[in-house]
Amino acid sequence: MPPQRVLAIQQCFNLVCSYHAAKIKEKGEGKEEAGGREIFYSFSSRLPPPFLPFQTYLPDNKISFIQGKPHYLCIMNEPTHAHFVLADAQYCHVLNDRLIIGNRELPQKMPEPTGKPDYTTLGLQISGILILAFFLIMTLITHYYVVTFTVSLLLLTLLISFIRTAGFTSTKAIMTADIVGVDYKKRFLGYDFFIVHYAGPKGKECKRRLPIYDSEKCLEQALTVMKEAKLLK
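Rules used throughout
- Residues numbered from 1 in each chain as written.
- Predicted model: local features only at pLDDT ≥ 70, side-chain atom pairs only at ≥ 80, totals over all residues.
- Heavy atoms only, no water.
- Helix = DSSP H or I, 4+ residues; strand = E, 2+ residues; numbered from the N terminus.
- Contact = heavy atoms within 4.5 Å.
- Areas by Shrake-Rupley, 256 points an atom, 1.4 Å probe, with all protein chains shown as cover.
- Core = buried A, V, L, I, M, F, W, Y, C linked by side-chain atoms within 4.5 Å.
- Buried < 20%, exposed > 50% of the residue type's maximum accessible area, 1.4 Å probe, protein only.
- Salt bridge = Lys/Arg side-chain N within 4 Å of Asp/Glu carboxyl O.
- 1 Å grid on protein atoms, 1.4 Å probe; cavity = no way out; pocket = protein on both sides within 12 Å on 5 of 7 lines; lining within 4 Å.
- Points joined across faces, edges and corners; volume = space filled by probe spheres on them.
- Nonpolar A, V, L, I, M, F, W, Y, C, P; charged D, E, K, R; others polar.
- Phe/Tyr/Trp six-rings, centres within 6.5 Å; stacked < 30°, edge-to-face > 60°.
- Lys, Arg positive; Asp, Glu negative; His and termini not counted.
- Polar contact = N/O pair within 3.5 Å; in protein donor to acceptor, adjacent residues only side chain to side chain.
- Axes fitted to C-alpha atoms, helices over the stretch in contact; angles between N-to-C directions.
- Parallel < 35°, antiparallel > 145°, perpendicular 65-115°, else oblique.
- Left-handed = near helix turned anticlockwise from the far one by under 90°.
- Pairing = 2+ DSSP bridges.

Enquirer: Lay out the overall build of the protein chain with the relevant residues and their values.
Expert: Scanning the protein chain from N- to C-terminus turns up four helices and eleven strands. Contacts spanning at least 24 positions in sequence make up 51% of the contacts within the protein chain whose residues lie at least 6 apart. Accessible surface, the protein chain as shown: approximately 14,900 Å² in total, 60% of it carbon and sulfur.

Enquirer: An account of the nonpolar core is requested, with residue identities and associated values reported.
Expert: The biggest cluster of nonpolar side chains holds 21 residues, and the ones touching the most others in it are Phe84, Cys92, Leu99, Val182, Phe194, Leu210 and Met226. Going through the elements one at a time, β6 (91-94), β7 (98-102), β9 (179-185), β10 (193-199), β11 (205-211) and α4 (216-228) are the ones with two or more residues in this core. Among the elements that make up this core, the one with the highest residue count is α4 (four residues). Beyond its immediate stretch of four places on either side in the chain, Leu210 contacts Phe84, Leu86, Cys92, Ile101, Asp192, Phe193, Phe194 and Val196. The next biggest cluster of nonpolar side chains, apart from the first, holds five residues, and it includes Leu132, Leu136, Val151 and Leu155.

Enquirer: Describe the pattern of salt bridges, with residues and values.
Expert: Inspection of the entire model under this criterion finds two salt bridges. A salt bridge links Lys186 to Asp192, with the shortest nitrogen-to-oxygen separation between them at 3.6 Å. Judged by its relative accessible area of 10%, Asp192 falls in the buried class.

Enquirer: Provide a residue-level description of the layout of surface pockets, including the pertinent values.
Expert: Over the atoms, a rolled probe matching the size of one water molecule traces out where space is still vacant. Approximately 600 Å³ is the volume found for the largest pocket. Taken together, 24 residues make up the lining of the largest pocket; nearest its centre are Thr121, Thr165, Phe168, Arg209 and Pro211. Elements with a contribution of two residues or more to the lining of the largest pocket: α2 (119-142), α3 (145-166), β10 and β11. It is α3 that provides the largest number of residues to the lining of the largest pocket, a total of five residues. Here the lining of the largest pocket is composed, by residue class, of eight nonpolar, eight polar and eight charged.

Enquirer: An account of the packing of aromatic side chains is needed here, citing residue identities and associated values.
Expert: Geometrically, a pair of aromatic rings is defined through the distance of the ring centres and the angle of the planes. Evaluated as defined, the whole model comprises three aromatic pairs. A centroid spacing of 5.6 Å and a plane angle of 70° characterise the contact between Phe84 and Phe194, whose relative ring orientation is edge-to-face. One end of the pair, Phe84, is in strand β5 (residues 83-85); the other, Phe194, is in strand β10, with 110 residues separating them in the sequence. By the burial criterion, Phe84 is buried, and Phe194 matches it. Note on Tyr184 and Phe194: the rings are 5.8 Å apart at their centroids and 50° apart in plane angle, and the pair reads as tilted. Taken together, the residues span a long stretch of sequence, with Tyr184 in strand β9 and Phe194 in strand β10 at a distance of ten residues. Judged by relative accessible area, Phe194 falls into the buried class, the value being 0%.

Enquirer: Requested: an account of the side chain of Arg208, with residues and values cited.
Expert: Tracing the backbone shows Arg208 in strand β11. With no salt bridge to any partner, buried Arg208 finds its closest opposite charge in Asp88, at an N-O distance of 6.3 Å. Within polar-contact distance, the side chain of Arg208 engages the backbone oxygen of Thr171 at 2.9 Å. If sequence neighbours within four positions are ignored, Arg208 has contacts with Ile101, Phe168, Thr169, Ser170, Thr171, Ile174, Phe194, Ile195, Val196 and Tyr198.

Enquirer: Run through the packing of α2 against α3, naming residues and quoting values.
Expert: For the pair α2 and α3, interaxial distance at closest approach is 9 Å and the crossing angle is 160°. As the angle between them shows, α2 and α3 are arranged roughly antiparallel. Every pair of crossing elements has a handedness; the one defined by α2 and α3 is left-handed.

Enquirer: Hey, could you go over the sheet that holds β9 for me, with residue numbers and the actual values?
Expert: Taken in spatial order, the three strands line up as β9-β10-β11 in an open sheet, and their pairing is antiparallel. A strand with exactly one partner marks an edge of an open sheet, and here the two such strands are β9 and β11. Between one strand axis and the next, the sheet turns by 20° as a mean value, whatever way the strands run. Here β10 runs beside β11; their pairing, made up of seven bridges, is antiparallel. Opposite Tyr198, over in β11, you have Cys206 as the bridge partner.

Okay, here's the thing in structure tokens:
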């Protein structure tokens, strides 16, 4: 399941769980565990019908209240090791000896680091630039200057994106020992991202751009993971 859908389900389900658990608590139902710090309230029979299929996200269909704050015991099948989600729904796995960019689950065969640019993205950008340049010339010939202005803005945006992409690689693996430094770039519009500087296979310094998924929780997780790995100061 894509991270966006999982996050939406989790947020919606957590709100429903919080409401129903609070109602149960007000009625004095539930069972208080020894020590008095955790109180479990069963609410599986009280969930509205649309949310019954998602009961499996909670073990034993329970919610716990620790020091008055609800903690949702959701099982989201996330990796147990350090990781964070990228803007394209891929995962960056931060392992002891390397960074792996790919699916949620680690591949059985670890990819090798490369220093090659992202030829697919560059090819699509070049195609877009050529198409927009053609329309720009046609609008100038036919004197549709309002359209010319719009196409010019799109062409300029795509050219800037092409220049930025051209300087980065599409490697799926970066060895920790090869990492020279990591920069964190915050954007007012668009995705925040990391720029990982590393030594390529032939000793040439390469750069890999890692855009972070647009969520405060994902951003906080990404910053925490990179700092704990001592890759970001």
